[in-house]
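Residue-level structure breakdown
Single-letter residue listing:
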Amino acid sequence: MPGKNVAPGGEPASVGVVCASCEEFRQREAEADTERDWSRATDCRVLLRRHQDSADCVAPEPR
């Protein structure tokens, strides 16, 4: 069983794992913020959180 400093894949925990879907949601949120489309920006944050809570996310953020 890996320790606290080892990610589930065996790599050190300090190595950042990038989830393409998370990055896409963040990019869409940034675009919505730039366009001052607050509703769409909120939708992106909700979809990002749902994605991170799902088993599909390879790099969920701690809450």
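Here the structure is shown first, and the text comes after it.
None of the values given here were measured: they were computed from a predicted structure. (Residues numbered from 1 in each chain as written. Predicted model: local features only at pLDDT ≥ 70, side-chain atom pairs only at ≥ 80, totals over all residues. Heavy atoms only, no water.)

Observations concerning helix α2 (residues 38-53)
In an α-helix, one turn spans 3.6 residues, which is why side chains three or four residues apart end up on the same side. Across its 16 residues, α2 extends 23 Å between first and last C-alpha, which sits within 8% of the 22 Å expected from 1.5 Å per residue. By the burial criterion, the buried members of α2 are Ala41, Cys44, Leu48, His51 and Gln52. Around the axis of α2, the buried residues are gathered within 95° of arc, so they sit on the same side. Structural note: α2 exposes Trp38, Arg50 and Asp53 on the side pointing more than 90 degrees away from its buried face. Looking at the buried positions of α2, the neighbouring elements they touch are α1 (20-34). (Helix = DSSP H or I, 4+ residues; strand = E, 2+ residues; numbered from the N terminus. Expected span 1.5 Å × (residues − 1). Buried < 20%, exposed > 50% of the residue type's maximum accessible area, 1.4 Å probe, protein only. Arc of directions from axis to C-beta. Contact = heavy atoms within 4.5 Å.)

What about the nonpolar core?
Listed in full, the six residues of the largest apolar core are Cys19, Cys22, Phe25, Leu48, Cys57 and Ala59. Not counting chain neighbours up to four residues away, the residues in contact with alanine 59 comprise Val17 and Cys19. (Core = buried A, V, L, I, M, F, W, Y, C linked by side-chain atoms within 4.5 Å.)

Description of the pattern of salt bridges
Enumeration over the complete set of coordinates arrives at five salt bridges. Here glutamate 24 and arginine 28 are joined by a salt bridge, their closest N and O atoms 2.5 Å apart. Remark: arginine 28 and glutamate 24 occur in helix α1; sequence separation between them is four residues, near one turn of the helix. Residue classification places glutamate 24 among the partly exposed positions, given a relative accessible area of 41%. For arginine 28, a relative accessible area of 41% gives the class partly exposed. Each of Glu35, Asp37 and Arg40 takes part in a single network of salt bridges with overlapping partners. (Salt bridge = Lys/Arg side-chain N within 4 Å of Asp/Glu carboxyl O.)

Points about the side chain of glutamine 52
Relative to the assigned elements, glutamine 52 resides in helix α2. With relative accessibility at 5%, the residue glutamine 52 sits in the buried group. Here the side chain of glutamine 52 touches arginine 49 through a polar contact of 3.1 Å, side chain to side chain. Sequence-distant contacts of glutamine 52, that is, excluding residues within four places in its chain, are made with Cys22, Arg26, Cys57, Pro60 and Glu61. (Polar contact = N/O pair within 3.5 Å; in protein donor to acceptor, adjacent residues only side chain to side chain.)

What to know about α1
With 15 residues, α1 extends 21 Å between its outermost C-alpha atoms, agreeing within 8% with the 21 Å of an ideal straight helix rising 1.5 Å per residue. Taken together, the buried positions of α1 are occupied by Cys22, Phe25, Glu29 and Ala32. Down the axis, α1 shows its buried residues gathered within 90° of arc, on one side only. Pointing more than 90 degrees away from the buried face of α1 are the exposed residues Ala20 and Thr34. The inward-facing, buried residues of α1 abut α2. Looking one or two residues past α1, arginine 36 carries a phi angle of roughly 55°, positive in sign.

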